Every structure is written in C-alpha cells, then in structure tokens.
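Below, each chain spelled out in residue letters.
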Amino acid sequence: MLQLFIMKNFYPLSKVTSIKINLLLLSVFLSISTSSLMAQRRVAGTGPVDPAAAARRQAAKEDSAFLRDNYKKLEIMVPMRDGIKLYTQVYMPKDSTKKYPIMLSRSPYGSAPYGPVYKTSIGPSMLFAKEGFIIVYQDVRGRFLSEGDFVATRPYIVNKKSNKDVDESSDTYDSIDWMIKNLPNNNGKVGVWGISAPGFYATSTAIDAHPALKAVSPQAPVTNWFLGDDRHHNGAFQEMGTFAFLSSFGVARPVPTSKNAPGFTAYGTPDGYQFYLGMGPLKNFDDKILHHTNALWDEMMEHDTYDEYWQSRTPEPHLKNIAPAILTVGGFFDQEDPYGPLKTYASIEKGGHKDKNMLVMDPWFHGGFSRGDGDFLGNIQFDSKTGLFYRENIEFPFFMHYLKDAPDAELPKAYMFESGSNQWKKYSAWPPVEAVQKAIYLQAGNKLSFEKPKAATKDFDEYISDPAKPVPYSAGINTIRGSEFMIEDQRFAATRPDVLVYQTDVLTKDVTIAGNVMADLFVSTTGTDADFVVKVIDVYPDDALNNSPVVGTKMGGFQMLVRGEIMRAKFRNSFSQPEPMIPGKITEVKWDVEDINHCFLKGHKIMIQIQSTWFPLNDRNPQKFVNIYKATEADFQKATQKVYFSPQYPSRVDVKLIEK
C-alpha cells in the first residue's frame, strides 16, 4: 500500500534533471572542499595538504557509504486536511526487525538532493543515523516540490473553523498523523528539530502538538522578524542580510520545482559598504533592481511598524501549555537570530509546559552547533570542541531519552557556555537565580563604572551622525554579511569621531555578566528621529597572549565585541505607534540588547561603544521622522547626537552579575 502511494504521488525526475542535480552536487562539493582547504591554510598556516581537512573528507565519504548501505530513501506526497500534498523525503532503516522513532525536519529551503541521490548526512547529526532512526525531511507548503501557496512565517490560526484553516501547526499534525499510520516499523514516537527558519517550524509543531510528538528542538529559531530576528532588530531594517536573502527567497514559485531561485550577485564590487551606500534609500532597491517582482520584499516595505502583519507572524503568544519536551538551542554570537532562542524559551516558561523546557546557549554563530568542532570563532579560542560536546552530550541524549526510552541524561534547565572563562555552566533557571541586577554607568572623561555618575563640569558627550558616512559594521571587505563580525575587534570603530567610547579601569577581579542586557540612555538629537547602537566589549590587556587561531593576529589591546544591538528611537515608547524625537530635548531611550554569558577576566576592561549607524548591517536612519521605506535621498540629514551622564540623566547599561 505504501509503495503504491509513493508511485502515485511522487514527482518523477527526468534523466536530464538528475544529471543537473549530480552536477550541482559536484560543484557544491568542490566549492566546499576548496573553501575548507583555504580556511585551514588561513587558520593553521598549513601547506597544500591538511590532515584535518583530509580526515573530514574521509569521514564524509564513510558516512555517505553508511547511509547507502543501511538506509533506503523514499519520496512521498503526504496529504493535508485541505487536500494539499506535501513533498516528504524519508530515510528508512533497511533492518526491518526493529522499531524506530521518527525524526522530522520541515523546511522552506528544500530537501535536496531530490530523486535517487542520497544526502551525505542525515538527522541532527550522524549519531542518529548510526543509532537507528527514521529520518524525515519535508518541504513546507508552497515551497519546492510541495503543493499549495507559501506564506513566510505563516500566522497561527487560533480558532480553526474548517479544514481550510491551515497553518504550520496543523500541517505538522497531519504529517505526523500520516507517518505514524503509514511508515512501517515506527515505534509511535516522533521528534522534531530545525535550524533557523526550520526552527520556526519546529516551534510551531509544539503548538497543538500531535500526541505522538514527544520532543522538539527549535534551534536558532526565527521567532520575530520585527523585534530581533533576521529582518529587523528593534525596528531597524537589517539591510545587508535581508536584501541578499530575499533576492532569492522572496521570488515567487509558480509551480512545484526542485530548483531554488538564484539570488542577486551583480554587486559590481567586493565592497558591500560601497554597494549599499551607492544604492541609496531603501526604495531604490525596487527602483533599480527588483522592480516589484519580489512579493516578500514588497510586503515588508509596506509594513514599517510593528503592525498586525508582524505581530501575527510570531509564535510567542501561542506557546502555552506545551506538551512535548523542549530543547531550545542558540548561539550567543548568532548573526541572524539572537532573539529567537531566548524569547522562545522565555515564552514557554511563561505560558506553561507539561514536560521539560530547556535552553542551551553557547559560543556559536548561526547554526554552528550542528557542524564543525566549535573550538573557535574568528580570533577567539573557546578551548574545547563545544559543537561536538553539544551534539554528543546534550542533543543526542535528549532525543534518545524521549524517543528511545534511554536513561534521562538529567540535563539542567539552562546549559550555557561562558565565554571569556570558556567554561560550560549549568543553571537551574535562565537568567540564573544567583545573578544580581547591576548597572554600568557612563562617566565623564570616557570612563565606565558601577558607581552612579557625580556632578561634573561637562555632563554629556556629542558627535555628528552623517548618513552619508555611516559607521561600518565590520572592517572586512565583503558583500555577504558573514558571522565573524559578532566577535570582531572593534578598534576600527573606536577611532572614529562619530563613535563614543567608555571603559572601566583595569579589572582587579573577574566580572561575569550572565543574563539580559538593557541599554538605558539619556540622549538628545537635532533631528526628529535617530538610531542608537550600544556595543558591549571585552578589552584585552596590552600584553595578552597571541593565541588567535588566525596566524599573525596580535591580541594585545584586542576589543572583542561581546554583544551589540541597535534601537530606532521613534519606537522608544511603542513599536506599533512611533513618535518623533523633539529636537534638543533630553529623552530616555531604553532597549533590549539581548543576553550574554561572558566573563571579563581580571586584567581586562569592560568597554561600551555608542554610535548611530552600523552599516550596511542595518539600514541608515534619515534622522528625520518619516516612513524610512519610502524615504528619498532628500530626507537624509546630518544630526548632532548628545549622550548624557549626570546624576539627573544617568545613562547606563543594566546587566546581571554573577558575584564571586
């Protein structure tokens, strides 16, 4: 019966398409291999032959052979309640004498390779394949080979009145129900995982969950595209990442296809700063490049405030009475979704859960925990293979316990990596109950202290913010955002006249910040809108050991970015109802800088940098109260920004300290 269903519902791939897929895979493999070798040469300073890279290639070859020997691949069109069928790819263990749990990942990014070609690795890691799981991948509604219409971060429907009312929760429910009833040799238990956008779909599975769904792991999940993930941070548009991403992802798919739309590549320069500056206001992307052919881009350009469009697309309000066990995973140096894992965990804690709700946050970039050793990022060493530790000691035991009745690994509520000291920490809650609320105050003379400011002759610093000469987010020359800027040396910015710098004296003992960071600035501007960026930085001593994995890097005086976040001042009181700044009026602007878990070691300094542009990571604010998506070049103006630090206007950064 299953065989018949597959034959009747599988989209057949032509011989030409199969050849194209094989050529594509070959080109991707060669590209990855070349990039890996170049990276190893850069980091390790090795010659043409790198034993570590060769070992990884051999392991990948062995994994691929293992999958072909031990798994059969099925391609199935699974029906939903409204009659739409979703392309579903199943890797089934060949040994039919045992029962296996199902691991499901749903994605808008496709399930390639399609047809008879196997993936080179399946599951969250190959630990799952070698243990024996039924691994399932599914194209979400309206993407690649699935039928239906695609809606990005599709809103959850609270009161479904008919089978036509569908969302990602209902599609997952229907998919699990079909798999439990139709896939042979399953043990009746299902786990779900997903990274980034698939993390959003993983979160959605936990809402109105199917009874067979026992464990869910949203990993670096997209959660709120206006407040803190991917597309906006505190209302500021993530220009560089969003244009590059949506130039492909936002292209309409008229009919089911195994091909992805190509993204924009005609930058004409390796320098993204110059490209985006030359592009001018956001409206020019449609005028010059997209020409209103990208529906998702156009949708975003029509919603410049946190209106119903954005509010309906976050799962946060619906994470109540969650039944499956939850393991939410993220990285403190995630360049795309730093908001998602923290707020998903917090929402489930607030909304209630029937089983465990756990959080893992570690020193990773976006999705870095799923691949690689995780022993360094850029110039920063972590002194252990954090990625490997996570996969072997956290992720795999979690699913084994809930899906195969393995002993409970007794994972803590919050399993967090503390950078700086480079230690794993186990907490009974996040933020830690032992963390004490403190404030780090700006002081006259570019000082920073845990003491409140005293009256001084001058109680403010000022700078001119010029949208025509924005502060770059990175010293690197690139057209793609990248990830290493999250821990990049900030000395390139500290020397600019439009960046304010404050730092403590040399620390006489370790200072550990663990938990949420809030910026609370008293500012004034000569414009009617402004952006403010606060960066929390770890300043290394001048005689710091040169232990960077990047050969030749001097670590003395290194200014490691620990956390940075932007705030669009017009949203200071409401993200839904913006208000202009009154020129010259001292105004309090507070915002969420997100969480950190970092130890500033004895002998280091804590630094705060403040600026009004962070480009082209974020779009430029015209510094005039206008709809920025519709702004013209004439709207952009210079503005003088003042930041105050008096007893009456004590600008500060609120943190949570672990006192020792």
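Just so you know, these numbers come straight off a predicted model, no measurement behind them. (Residues numbered from 1 in each chain as written. Predicted model: local features only at pLDDT ≥ 70, side-chain atom pairs only at ≥ 80, totals over all residues. Heavy atoms only, no water.)

Colleague: Even after reading the chapter, I still don't get the overall build of the protein chain, so can you show me in this structure?
Modeller: Of the regular secondary structure elements, the protein chain holds 14 helices and 25 strands. Since a compact globule built from 660 residues should have a radius of gyration of about 26 Å, the 25 Å found for the protein chain is in line with a globular shape. When the backbone C-alpha atoms are referred to their principal axes, the protein chain occupies close to 85 × 55 × 50 Å. For the protein chain, with 660 residues in total, the buried portion stands at 57%. In the protein chain, 77% of the contacts between residues at least 6 apart in sequence involve partners at least 24 apart. Here the protein chain displays about 26,400 Å² of accessible surface, and carbon together with sulfur accounts for 55% of that area. Averaging the positions of the 74 positive and the 75 negative side-chain charges in the protein chain gives two centres separated by 4 Å. (Helix = DSSP H or I, 4+ residues; strand = E, 2+ residues; numbered from the N terminus. Rg over C-alpha atoms; globule rule 2.2 N^0.38 Å. Buried < 20%, exposed > 50% of the residue type's maximum accessible area, 1.4 Å probe, protein only. Contact = heavy atoms within 4.5 Å. Areas by Shrake-Rupley, 256 points an atom, 1.4 Å probe, with all protein chains shown as cover. Lys, Arg positive; Asp, Glu negative; His and termini not counted. Charge placed at Lys NZ, Arg CZ, Asp CG, Glu CD.)

Colleague: Just checking my understanding: could you explain the pairing of strand E19 (residues 511-525) for this structure?
Modeller: Residues in a regular strand point their side chains to alternate faces of the sheet. Taken across its 15 residues, E19 has 14 buried, putting it largely inside the fold. Taken together, the 13 bridges between E19 and strand E22 (residues 587-600) define a ladder with antiparallel strand orientation. Its bridge partner lying in E22, Ala 514 is registered against Asn 597. The pairing of E19 with strand E24 (residues 639-644) spans 3 bridges and is antiparallel. Bridge pairing links Thr 525 to Gln 641 in E24. (Pairing = 2+ DSSP bridges.)

Colleague: I tried to follow the side chain of Glu 594 on my own but got confused; where do I start?
Modeller: Within the element layout of this structure, Glu 594 appears in strand E22. Each residue touching Glu 594, except ones within four places of it in the same chain, is listed here: Tyr 339, Leu 342, Lys 343, Gly 515, Asn 516, Val 517, Arg 563 and Glu 565.

Colleague: What should I look at first to understand the pairing of E24 in this one?
Modeller: Bridge count for strand E17 (residues 460-465) against E24 is 6 bridges, and the pairing is antiparallel. Across the sheet, the residue bridging to Ile 464 is Thr 640, located in E24.

Colleague: What am I meant to see in helix H8 (residues 272-279) here?
Modeller: Working note: α-helix, 3.6 residues per turn, so residues spaced by three or four point in the same direction. Along H8, the residues classified as buried are Gly 272, Tyr 273, Phe 275, Tyr 276 and Met 279. Viewed end-on, H8 has its buried residues packed into an arc of 165 degrees, placing them on one side of the element. The inward-facing, buried residues of H8 contact helix H7 (239-249) and helix H9 (283-290). Between the side-chain oxygen of the N-cap and the backbone nitrogen of Tyr 273 there are 3.0 Å, and the N-cap of H8 in question is Asp 271. Taken from the residues just after H8, Gly 280 is the one with a positive phi, measuring 80 degrees. (Arc of directions from axis to C-beta. Polar contact = N/O pair within 3.5 Å; in protein donor to acceptor, adjacent residues only side chain to side chain.)

Colleague: It is not clear to me how empty space enclosed by the protein should be interpreted in this structure. Could you clarify?
Modeller: Unfilled space is identified by rolling a water-sized probe across the atoms. Here the structure, examined in full by the defined rule, presents 9 cavities of 30 Å³ or more. Taken as a whole, the largest cavity spans an internal volume of roughly 120 Å³. Together, 16 residues line the largest cavity, and His 233, Met 486, Arg 563, Gly 564 and Trp 614 are the ones closest to its centre. At 6 residues, strand E21 (residues 559-568) tops the list of elements feeding residues into the lining of the largest cavity. The residue makeup of the lining of the largest cavity, split by class, is 8 nonpolar, 5 polar and 3 charged. (1 Å grid on protein atoms, 1.4 Å probe; cavity = no way out; pocket = protein on both sides within 12 Å on 5 of 7 lines; lining within 4 Å. Points joined across faces, edges and corners; volume = space filled by probe spheres on them. Nonpolar A, V, L, I, M, F, W, Y, C, P; charged D, E, K, R; others polar.)

Colleague: It is not clear to me how the environment of Asn 618 should be interpreted in this structure. Could you clarify?
Modeller: Along the chain, the position of Asn 618 falls in the loop between strand E23 (605-611) and E24. Residue classification places Asn 618 among the buried residues on the basis of a relative accessible area of 2%. Along the sequence, Asn 618 and Leu 319 sit 299 residues apart, while their C-alpha atoms lie 30 Å from each other. Residues in contact with Asn 618, not counting those within four places in the same chain, are Ala 236, Phe 237, Gln 238, Glu 239 and Ile 566. A distance of 2.3 Å separates polar atoms of two side chains, one belonging to Asn 618 and the other to Gln 238.

Colleague: Where do I start with the confidence of the model for the protein chain in this structure?
Modeller: Note that predicted coordinates carrying low pLDDT should not be read in detail. The pLDDT averaged across the protein chain works out to 92; a share of 93% of its residues lies at or above 70. Here residues 1-47 is modelled with pLDDT under 50, and outside its nearest four sequence neighbours on either side it reaches 53 contacts, counting other chains as well. (pLDDT = per-residue confidence, 0-100.)

Colleague: Even after reading the chapter, I still don't get the layout of surface pockets, so can you show me in this structure?
Modeller: For the second largest pocket, the calculated volume is near 440 Å³. Considering the residues around the second largest pocket, the lining is formed by 19 residues, among which Phe 450, Leu 507, Lys 509, Val 511 and Leu 657 are closest to the centre. In terms of residues, the lining of the second largest pocket owes the most to one element, strand E16 (residues 447-449), which gives 3 residues. Per-class residue counts for the lining of the second largest pocket are 7 nonpolar, 5 polar and 7 charged.

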